[in-house]
Amino acid sequence: MPRNHKKNTKYATVFKAAAQSRPKAEENITKTPTKAHLLKFSLPTILSMLIMSTFGIVDGIFVSRWIDQGALAAVSLVFPFLGFVMAIGFMLGVGGNAMVAKKIGEGKEVEGRQNFSLISLAALIVSAALALIGIFAPDFVMGILGVDAYLRSMALEYMMPLVYFLPFIVLGMVFQQFLITAGKAHYSAITALVGGLTSAGLNFLFIYIMDMGLQGAATATSIGYTLPALVGLIFFTFNRKGNLHFVMPKFDIRALVRTCINGASEMVTMLSTSIVVVIMNNVLMEVADFMAVAAASVMFAGMGIFSSLFIGYSSGVAPITSYNFGKGDTDNLKLSYKNNLIIIGALSVVATGLAFLLVNPLIGVYGFEVGTPIHEMARTGFMFIAVSFVLMAYNSFGTMFFTALNNGVVSSLLSLFRTLVFPTLAFLVLPNIWGLNGVWAAMPVAELLGITLTIGFFKVMKKRYNYA
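On a predicted model such as this, the values are computed, not experimentally measured, just so you know.

Peer 1: An account of the packing of aromatic side chains is needed here, citing residue identities and associated values.
Peer 2: Per the counting criterion, the structure on display carries 29 aromatic pairs. Relative to Phe-458, the ring of Phe-401 has its centre 6.1 Å away and its plane inclined at 75°; by these criteria the two rings are edge-to-face. Of this pair, Phe-401 sits in helix H16 (residues 389–404) while Phe-458 is found in helix H18 (residues 436–465), placing the two residues 57 residues apart along the sequence. Using a relative accessible area of 1% as the deciding quantity, one classes Phe-401 as buried. Clustering of aromatic rings is evident, with ring pairs tying together Phe-116, Phe-175, Phe-178, Tyr-187, Phe-235, Phe-236 and Phe-246.

Here you go:
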């Protein structure tokens, strides 16, 4: 019998005694993880991630249509900064949620609430510090992003409104994850939908009607990101009946460290993506020009939509894995693992098919007509990425799965190599061999190398966790 299973079976009497008193929120993660239940449980998170992925796309559509392609390139250059900030929020949210869900499974609900409150406070402090850096040292940020003199003024115009909203953006990321364990994942989906519609409406108002340019685009997006934070603050402050709500935080450095370790893989993924985008933009400027950067922005926007299916599902079902791991229920752990692999495979096949069918309409919404150079560059790049969706799906699930098992070391290694080491090597080598197509091929090659690590860790770690 695995070590963790022995350790956690001592809580069996706690679960039995408390079975009748569990709130409805927790009953969602205690149900048998059938395929239907996993899909139903993860659907709000999938929808939420899908909607959130459109925020930058909406900006890009309005910017490319009513400003110009140079402005779209500036937006693409600034987004790694926003991605870095969101990576911190995702790390605290996913890592903390895995730890807290496990403690709920162990019957330590009071400690879980204290940890949740501490994590939320830490998120506020860190995001405020990053906002101050952006406000008082914008040139430092521009230098890291590799923004040249030609695009600098436009990049600053887009970045500064985002900076003032950073605390709301980070808290929104944190609350979206904890709402899953609280049994209110649909709140995240609803607020994301309203936030997306608000962002789109304000983009139209600020750019098309009021002619506010890039400043208007950034302000509209920032307001859209604010809504999940406000809903989370209200819910966790006034809903005192559920498992999760704000209490007086108890400083626990080990809990914060565990949160960061658990969520490190998710931070590595998002942070590495930002770094890789900076590297790719610089390579594109060398092998082509700023129009290639604009095309890459369209390509990554399309990839973001489809990858949100995998990320949304994986993060949506993670609390079920954490709960059953904390409870020591290896039967349900095995069942959920098996069903998750089947569902992830089906989602990836659907995503690949839709990508090939919708590639021209997706690019067309930016105003780039079929046959134009920028359309052809974006289409070629998107097709390269679409063929790797199956690999991307399982790699995304792998990192989130080990995070849910509270093994941040393995998940971080998977993320580090898949999203930073392998893509960086590919971007440095392939363009020298294949030119612009080598840039587009870099991400699929990285996913191919990444799946070898994912499969390897699945095989090695199953003896420790007994999930297969």
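Peer 1: I'd love a proper account of the packing of helix H5 (residues 69–105) against helix H9 (residues 166–181), names of residues and values included.
Peer 2: Put simply, H5 and H9 touch, their axes get as near as 8 Å, and they point 30° apart. Taken together, the axes of H5 and H9 are roughly parallel relative to one another. For H5 against H9, the interelement crossing comes out right-handed. Residues that form the contact of H5 with H9 fall into these classes: 16 nonpolar, six polar and no charged.

Peer 1: Tell me what's going on with helix H14 (residues 330–364), and back it up with residues and numbers.
Peer 2: Taking 1.5 Å per residue, 35 residues should reach 51 Å; H14 reaches 49 Å between its end C-alpha atoms and fits that length. Its maximal kink placed at Leu-358, H14 deviates by approximately 60°, while the proline Pro-361 follows within four residues.

Cut-off values and rules
Residues numbered from 1 in each chain as written. Predicted model: local features only at pLDDT ≥ 70, side-chain atom pairs only at ≥ 80, totals over all residues. Heavy atoms only, no water. Phe/Tyr/Trp six-rings, centres within 6.5 Å; stacked < 30°, edge-to-face > 60°. Helix = DSSP H or I, 4+ residues; strand = E, 2+ residues; numbered from the N terminus. Buried < 20%, exposed > 50% of the residue type's maximum accessible area, 1.4 Å probe, protein only. Axes fitted to C-alpha atoms, helices over the stretch in contact; angles between N-to-C directions. Parallel < 35°, antiparallel > 145°, perpendicular 65-115°, else oblique. Left-handed = near helix turned anticlockwise from the far one by under 90°. Nonpolar A, V, L, I, M, F, W, Y, C, P; charged D, E, K, R; others polar. Expected span 1.5 Å × (residues − 1). Bend = angle between axes of the 7 residues up to and from the residue.

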